[in-house]
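Inside the fold
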Amino acid sequence: MSATTTLRRLEASWEDPPGLLGFLGSVDHKRVGRRYLVTAAVFLFIGGLEALLIRTQLIGPAAGVLTPEQYNQLFTMHGTTMMLLFAVPAESAFANYFLPLLVGARDMAFPRLNMFSYWVFVCAGIFLYASALFGAVPDGGWFAYAPLTLEAFSPGRGLDIYAVGVVFLGLSTTAGAINFLVTTFKMRAPGMTVSRIPVFAWSIVAIAFMILLAFPSFTVGPLMLEFSRALDMKFFDSSAGGDPLLWQHLFWFWGHPLVYIQLLPSTAIVSTIIPVFSRRRLVAYSWVVAGMLSTAFISFGLWVHHMFVTGLPQVTTSFFSAVSLAVVIPSAIQFFSWIATMGLGTPRWDSPMMWCMGEMFLFLLGGATGVMVGLVPFDQLAHDTYFVVAHFHYLLAGAVVFGLTAGLHYWAPKITGRLLDERFAKVSFWVTFVGMNLTFGPQHLLGLWGMARRTFTYEQGLGWDALNLWSTIGSYVFGLGLLLVAANVVWSLRAGEPAGPDPWGGGTLEWSTPSPTPPYNYARIPVVTDRDPLWAADWATPGSPGDPEDPDDDLALVSSDLHHEVYLTAGPEAGSEGTRVMAGPSFAPLFTALAIAAVAVAMVARSPVFVSMALVGVVATAVWWFWPAEGRP
Amino acid sequence: MRAVAGRRATAGGRPCQSRRADERHPDTSAVHAVGAHPRRSEHPSSAHLLRARPVAILATGLTLAACSRGGLAPDGTDASRIFDVTVVLTIAAVVVSLGVVVAWIWAVRRPGRSDIGADVDAAEATAERRLVLGGGIVMPAVVMAVLLGFGLWTMDAAPQQGDLEIEVVGHQYWWEVVYRDGPGVPTTFRTANQIRVPVDTDVTMVLRSDDVIHSFFVPQLAGKVDLVPGRENTLTFAATEEGTYEGFCAEFCGVQHAWMKFEVVATTPQEFSDWADRMARPAADPVTDLQAHGQEVFAGNSCVGCHAISGVDDSARIGPDLTHLASRDEIGAGVLGLDEENLADWIRNAQAIKGGSRMPPQQLSDDDLDALVAYLLALE
């Protein structure tokens, strides 16, 4: 077979079929990744608008822009949106698009499950926001503390929508995590031993384990809340022997790891970008990876630091205080690895690198204040004040957003095939950076002065006016900066310069394939001989794995039946396990997701009949999904 | 009038707000009276805010930022302990962050060379690793160990039991305060949204909640502690200066969380026991006919279903105890200053002022309302 015939056959095998099946039933991980990215951006926009409304209400004392009811709904939806509908899906976007590429695979391990994750995420997002149509927007704060969120204090269906919605959404995240793990463990290219797995892929492995261990707690908790509301169970009712603190334990056992689920991929993006633009391999790779994995482990021993002022015994708070400080160490390892990499290499200031510097700065400050609130006596002052608001926004709206935006600037050319405008990118960086610091910097001081979170207004004469005004102005600048980033991406789609396969001189596999990536990813499965395969001395020499002139060999996996054929490996050495045919496009994942959405709606409607009918629907669509296809193993 | 008060409080001749809340107290009645509440018509629209105040605010912003208030102006033993920790932690955070930034700048400016396409040099790799492990493990381990030791030591220094116990019960959205007989307190009495303590005396707040979780937070006096249904938490501190201190609910507790404020008034022990003697007595009998009519209005309407007045009807516990209402200076947990007009507005329709509170609108004739207000304002 000639090289051209090979490529044509691969294209025919892997391209989505035309029409509705291709659109709704696609199993292309890149398509799923792009959809995640766009949907997460939409939710960032919505959550951002909510934030600006909140800040507008706080522009001065008694500003009367919002009613207290509206204010409480807005901060609840802002937190829920940014955590669950923006940050985690945005990471899923990069993981979906780039994990298979980074490990040299043609698809995710479970392609239909992958599409299912996306559909569930979209349905859950719509479900949560549909609350607005029924005037039942959740208003209990994104951590929904019982007993305030019980029926007695929060009548209406708002909190039911929250409780059912987050469980529904958790399905999507959990399915994604399983997919990421199996993809990394079973589908790495031959030669990609554990010590050659890219840092970003390691970060996805770390968060996938965290998701699998943490999300059950956030499935049980909200279900207990829903059962308390709908069936009058007493888990959190102290007058009937329940305990409100049980909710907090269940919530934060998930909620604290969630912070690192958001943070680790963002830091791994920095670990990916700095070596490329410093022309120097990442220093102490194995320590950075060990650092990320130990962060994942330690993050399960921190949750009580959200509960330092609930009256727990001192021995408990002391233990969790110690662990809260210990988690600094793996983060510091990463930070010094970045510094050492830049020191040994020569940094070049392209836009992805600028966003990385922003990430580092905000991560440093957010980390420093994190150490402060980790100590119990200081937390007694800072807890539930604007100091804590500033602290976690430096990490989440700062480090996470800047890291993801760095990743966007770095990888957008691979996704779209076109470069962003560099000058525009740098302007948007500075606007966002100034806005971010202007918004959240002053809040540290407001918190120390005593301004509590979640207050829809504040009294005149407390001396809080000026800093709140600054913070509000800053938030508009911050929002403008992120809009500029979006404008740059949209502009580049039409007018950006063609990027070519490798605009940055990257070392990881995705840069060896054309931009945008063809449906089959790689013309043949790459053979990896180096941690940064493209930087190996013998890459792209005749006869080597990167030799562009020789695409026709056994690893091209050309399927005679136009099936999706992939290459499996196993074990730390990525030993070959042969090939396997994967599932192709199908409507079943979409309909299963819709059936589960129907269960969620029926639960909020509290109708046992509808719940049973919808459950039958779930079983039926699942049977359809798993029905063995002819001619396929 | 409100705008004047606002300007005075934010941008006038005093660039720095007074440290102590009592010194600014003369202002508060004006602030309250002219509508600290967002929905009252007198307050300026947000458009007005945008036009008139920013210049003055921006000009004084930095000056104000340098001023200490709240948790940075401690006047209590517990707050002072926390303030010391705050200072040490802030210094440590600034020093370590600056150190990291210096290393970062050094790394960026240092001329380097590429190792792409080359094999890894073993000797160089060892040197690299040393930098990462020194900065990433040794340095933070030492700093964290020292800070943790310091933090744990200051936790042990917190006193556990005071000479005077005060029960504080959180309600949506107000604070019930119960004094039991003890040093300086002749017999059990109740008040609301205002806590009086003798200065330089360890007092223990016994914190409970009647509905949802609240959090007791007086930044200038003590660290915060939650009020959790089904639990009893305590917080012990001594005010070291006389004065009136702002208190807040710090845990989101529902729609009017922002207006669940209170004040702690620290006085000399003598003034405190005089006050407690007064509080322990039943309510003053009406003097004028108007007040006598007011008392009848109180007892003959739905008021007594929720509010207690010792000597008239002492059974209800749903709303604040009004036995000595006139001895307090705020109503609605801080939403309004206490005067005739505000009290009448509040009774007529509290929902228009603090929507979501438990106080329902009252259908009283103007004469009855005037009498009721006159009676309540006489309850010193």
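The shown structure was predicted, so the numbers you read here are calculated from the model rather than taken from an experiment.

A word on the overall build of chain A
When its secondary structure is counted, chain A shows 18 helices and two strands. Against the globule reference of 26 Å for 633 residues, chain A gives a C-alpha radius of gyration of 25 Å, in line with a compact fold. Expressed as lengths along the three principal axes of its C-alpha atoms, the size of chain A is roughly 80 × 60 × 50 Å. For chain A, buried positions account for 64% of its 633 residues.

Regarding the sheet that holds strand β8 (residues 233–237) of chain B
Residue and element names in this part refer to chain B. In space, the five strands of this open sheet follow the order β3-β2-β1-β5-β8, with mixed pairing throughout. The open sheet is flanked by β3 (189–192) and β8, the only strands paired with a single partner. Here the strands of the sheet are splayed against their neighbours by 25° on average, with no regard to which way each runs. Bridge count for strand β1 (residues 164–171) against strand β2 (residues 174–179) is six bridges, and the pairing is antiparallel.

Quick look at the packing of helix α3 (residues 29–57) of chain A against helix α4 (residues 68–102) of chain A
Any two packed helices are characterised by how steeply their axes cross, that is the angle between the axes, and by the distance between the axes. Residues and elements named next belong to chain A. At a minimum axis separation of 7 Å, α3 and α4 run at an interaxial angle of 155°. When the axis of α3 is compared with that of α4, the two are roughly antiparallel. Regarding α3 and α4, the two cross each other, and that crossing is left-handed. Residues that form the contact of α3 with α4 fall into these classes: 22 nonpolar, nine polar and three charged.

Comments concerning the interface of chain B and chain A
Opposite the 95 residues of chain B that make contact, chain A presents 84 residues. With 17 residues, helix α6 (residues 122–156) of chain B is the largest single contributor of residues to the side of chain B that touches chain A. In terms of residue class, the side of chain B that touches chain A is made up of 49 nonpolar, 29 polar and 17 charged.

Quick notes on the sheet that holds strand β9 (residues 243–249) of chain B
All names here are of chain B. Sheet architecture is open: five strands sit in the order β4-β10-β9-β6-β7, paired in mixed fashion. Each edge of the sheet is formed by a strand with only one pairing partner; in this case those strands are β4 (194–198) and β7 (225–227). Strand-to-strand, the axes of this sheet are offset by a mean angle of 25°, without reference to chain direction. As paired elements, strand β6 (residues 214–217) and β7 share three bridges and run antiparallel to each other. The residue of β7 that forms the bridge with Ser215 is Asp226. Taken strand by strand, helix α7 (residues 269–280) contacts β4 and β10 (261–267), and its axis lies near 135° from that of β4.

Examining the confidence of the model for chain B
Residue and element names in this part refer to chain B. Here chain B averages 84 in pLDDT, and 81% of its residues register 70 or above. Contacts for the low-pLDDT stretch residues 1–50, under 50 throughout, to residues beyond four places or in other chains number 88 contacts. Overall fold confidence for the complex sits at a pTM of 0.91, while the interface term, ipTM, reaches 0.93.

So, the pairing of β6 of chain B
For a regular strand, the rule is simple: side chains alternate between the two faces of the sheet. Residue and element names in this part refer to chain B. On β6, burial covers both faces: His214 and Phe216 on one face and Ser215 and Phe217 on the other are all buried. Of the strand pairs in this sheet, β6 and β9 are connected by two bridges, and their pairing is antiparallel. When the bridges of β9 are listed, Phe216 appears paired with Cys249.

Overview of the environment of Val65 of chain A
All names here are of chain A. Assignment of secondary structure puts Val65 in the loop between α3 and α4. The class of Val65 is buried, set by 20 C-beta atoms lying within 10 Å. The spatial distance from the C-alpha of Val65 to the C-alpha of Gly506 is 49 Å, given a sequence separation of 441 residues.

Let's talk about the packing of helix α10 (residues 314–326) of chain A against α6 of chain B
Packing of α10 of chain A against α6 of chain B brings their axes to within 10 Å, and their N-to-C directions diverge by 160°. Of the possible angle classes, the one that applies to α10 of chain A and α6 of chain B is roughly antiparallel. Seen along the crossing, α10 of chain A lies across α6 of chain B with a hand that is right-handed. Between α10 of chain A and α6 of chain B, the contacting residues are Gln314, Ser318, Ser321, Ala322, Leu325 and Ala326 of chain A on the first element and Met144, Leu147, Leu148, Gly151, Leu152 and Met155 of chain B on the second.

A word on helix α10 (residues 340–348) of chain B
Residue and element names in this part refer to chain B. Listing the buried residues of α10 in full gives Asn342, Leu343, Trp346 and Ile347. Angularly, the buried residues of α10 cover 130° about the axis, an arc narrow enough to put them on a single face. Exposed positions of α10 whose direction lies more than 90 degrees from the buried face are Glu340 and Glu341.

Quick notes on the environment of Thr529 of chain A
Residue placement: Thr529 of chain A occurs in the loop between α16 (465–495) and β1 (564–570). Sequence separation of Thr529 of chain A and Pro190 of chain A is 339 residues, and the distance between their C-alpha atoms is 8.9 Å.

So, how was this worked out
Residues numbered from 1 in each chain as written. Chains lettered and ligands numbered in written order. Predicted model: local features only at pLDDT ≥ 70, side-chain atom pairs only at ≥ 80, totals over all residues. Helix = DSSP H or I, 4+ residues; strand = E, 2+ residues; numbered from the N terminus. Rg over C-alpha atoms; globule rule 2.2 N^0.38 Å. Buried ≥ 20, exposed ≤ 12 C-beta atoms within 10 Å, placed from the backbone. Pairing = 2+ DSSP bridges. Axes fitted to C-alpha atoms, helices over the stretch in contact; angles between N-to-C directions. Parallel < 35°, antiparallel > 145°, perpendicular 65-115°, else oblique. Left-handed = near helix turned anticlockwise from the far one by under 90°. Nonpolar A, V, L, I, M, F, W, Y, C, P; charged D, E, K, R; others polar. Contact = placed C-beta atoms within 7 Å. pLDDT = per-residue confidence, 0-100. Arc of directions from axis to C-beta.

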